[in-house]
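Tertiary structure, described
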Amino acid sequence: MIPEQFGRVGVLLMFALLFPAIPLIASYAFYRFRIRPEHHDPIKDATYECGVESEGSAWGQFHARYYLFALGFVIFDVEVVFLYPWAVVHGGLGFTALFEAVLFIGILALGLGYAWRRRALEWR
Amino acid sequence: MMRSAWLDPVREPTRRLSPQVLAPLAVLLVAFLALNVAIAVLIVSGRLDGHWYDFRDLGNAVQALREWLDDRTADQPGWLSDLLGDHWLSYIVTALIGAIGILSFVGVVLLVLIWVERRLIGRIQVRRGPNRVGPFGLLQPFADAIKLIQKETLIPRGADRFMFYLPPVLVFIPGLLVWAPVPWAPHMSYLDINVGVLYLIAISSLSTLAIFMAGWSSNNHYALLGAMRTVAMMISYEIPLSIALLSVVLFTGSMQLSEIVQWQADHNMWLGVLMPLALFTFFFSSTAELNRTPNDIAEAESEIVAGFHTEYSGMKFGLFYAVELGNAVAVAAFVGTFFLGGWSLFGLEEWVPPYLVFALKIAAGYFVLVWLRGTLPRFRLDQLMMFAWKYLIPISLLQVILVAFERSIFEHWDVPGVIPLALFTIVNAVFAVRIVRFWARFLGYRPERETLLAPTLTRSVGGLQAAQRMRTVR
């Protein structure tokens, strides 16, 4: 049963949401009871950039190299996850399974080699 | 003697303790020793074994409570019993107890370790660290919290206000949930699921999302740059991290954390000794996931102010800071669980409560993390990405193949387990050293062609020697 196995995660999740909420609410209460200050002015609310006025919004285009690495991550992480079930049962299987797994890792390495060759792993 | 006292500003002035202080301390020491002898007698006589008051494993007490509750609430149908099985009440009660236990452990550890980390880094950098608030500065974390909670909450004008508030709360979810599957003692584990390793990998990668939300919603160039760097680094180092854990799973044949520790206890063998390369890969990738030095490019203060939390101030910054520390402790716990034998210590866990052994291992791992932070400089982003993709991933894939072979041999070779394990330890150590050297040369590292740069600045300015000279002049 899934709720029986993972129900405890839900209980802990509840605590994980409550725990950081307490200091934030306390901070707000301090403001309500006028213990801490809250005086805004345009300079204070400006985007921080070491004293220089910020040029334009940060929500613009970004360099494509991050995208390449994200693609690589998707491929490799999924394939590593495929290897986990094999790793669990591997001890009980024979040498044929070992050979096949090595083949799979070989294909993985081949993909890595291809990405390397196409200079997709260069940070430029 | 005088010289060292002058040159070493770290040393606190020593005070002689008065007899009024010493006498109660001596009484306490004697009482403590007597208590230990009494406990040893209790353990030897075997009166503790399996009872609920067997404090060597708090799981026993919880199990007794669970049985007591089950006797009283058996066979009560309802939607809760449909959902959680017949023993729903004991299930919920034990879950609440465990959650409060984990939460209080993490909270106390955070308060203590903020102080420990700052003091240790102070010592490493030859200064004193916080020592004004309370004895030895012990109350410094409370002072920090009070200061942070009183700060004005600043939100930049251009920011996405809703998204700006979420990340400090969201980042706590992985920070706390990763503690669930940790085995503290043989029967003391909050969530003993059979996919523990996968659960860990899945949960720990959630923090990437919160960090990117923080960086994006700030609408600040530095923050977005820091967030992008973090995401790039975290996803890159997640692959070597999962491959390192893959070799652990391969050899123990289980993804259940308690079984991994049990395997190490049964074979009297730490997996970190058996496969040092996997230990190194895991540890290094974890420091990248943590954004700690040597891999703290996400918040490189000399380059991009504070990275993704540039715009965060007050308590929201405090939450980020706390989670970062908590994650460091969690990494120490997982290094202890996977590679250093968890709660087992070659039979000592029969005498000392296993959770204390485990806490000791956490403390040791955390000390290494602080040590790294105090000594190593920061890597460049491109160096880090290269290191993950071109170095760690290929060599850890090779390591996985080697470990798979060893596992097959271990299974099919009819000799006592000690012989193959000793053999594999040697083979793996030799392999680790050879492959590290070979792959470095393959990538173009030629140590014999490097010319050593003399530390001219240190030498000409003088460092400690200059300080010594100053003293003789005085």
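Residues numbered from 1 in each chain as written. Chains lettered and ligands numbered in written order. Predicted model: local features only at pLDDT ≥ 70, side-chain atom pairs only at ≥ 80, totals over all residues.

The secondary structure content of chain A amounts to three helices and zero strands. Reading the secondary structure of chain A in the N-to-C direction produces α-α-α. The C-alpha atoms of chain A give 26 Å as radius of gyration, which overshoots the globular expectation for 124 residues (14 Å, by more than 25%). A principal-axis box enclosing the C-alpha atoms of chain A has dimensions of 75 × 50 × 20 Å. Sorting the 124 residues of chain A into buried and exposed places 15% on the buried side. (Helix = DSSP H or I, 4+ residues; strand = E, 2+ residues; numbered from the N terminus. Rg over C-alpha atoms; globule rule 2.2 N^0.38 Å. Buried ≥ 20, exposed ≤ 12 C-beta atoms within 10 Å, placed from the backbone.)

Before going further, it helps to examine the overall build of chain B. Across its full length, chain B holds 21 helices and two strands. When each of the 474 residues of chain B is scored for burial, the buried share is 40%.

With that settled, the discussion passes to the interface of chain B and chain A. On the chain A side, the residues contacting the 71 residues of chain B number 60 residues. Taken together, the elements giving at least two residues each to the side of chain B that touches chain A come down to α4 (79-84), α5 (88-124), α7 (161-170), α8 (172-177), α11 (221-252), α16 (314-339) and α18 (381-412) of chain B. With 16 residues, α18 of chain B is the single largest residue contributor to the side of chain B that touches chain A. (Contact = placed C-beta atoms within 7 Å.)

Turning to the domain arrangement of chain B, a few remarks are in order. Residue and element names in this part refer to chain B. Structurally, chain B comprises domain 1 (58-150) and domain 2 (152-443). The C-alpha-based centres of domain 1 and domain 2 are spaced at 21 Å. Every contact between the two is made by 19 residues of domain 1 and, on the other side, 19 residues of domain 2. Elements with a minimum of two residues in the side of domain 1 that touches domain 2: α3 (58-72), α5 and α6 (140-149). It is α5 that provides the largest number of residues to the side of domain 1 that touches domain 2, a total of eleven residues. Partitioning the side of domain 1 that touches domain 2 into residue classes produces 13 nonpolar, five polar and one charged. (Domains from an automatic or database assignment. Nonpolar A, V, L, I, M, F, W, Y, C, P; charged D, E, K, R; others polar.)

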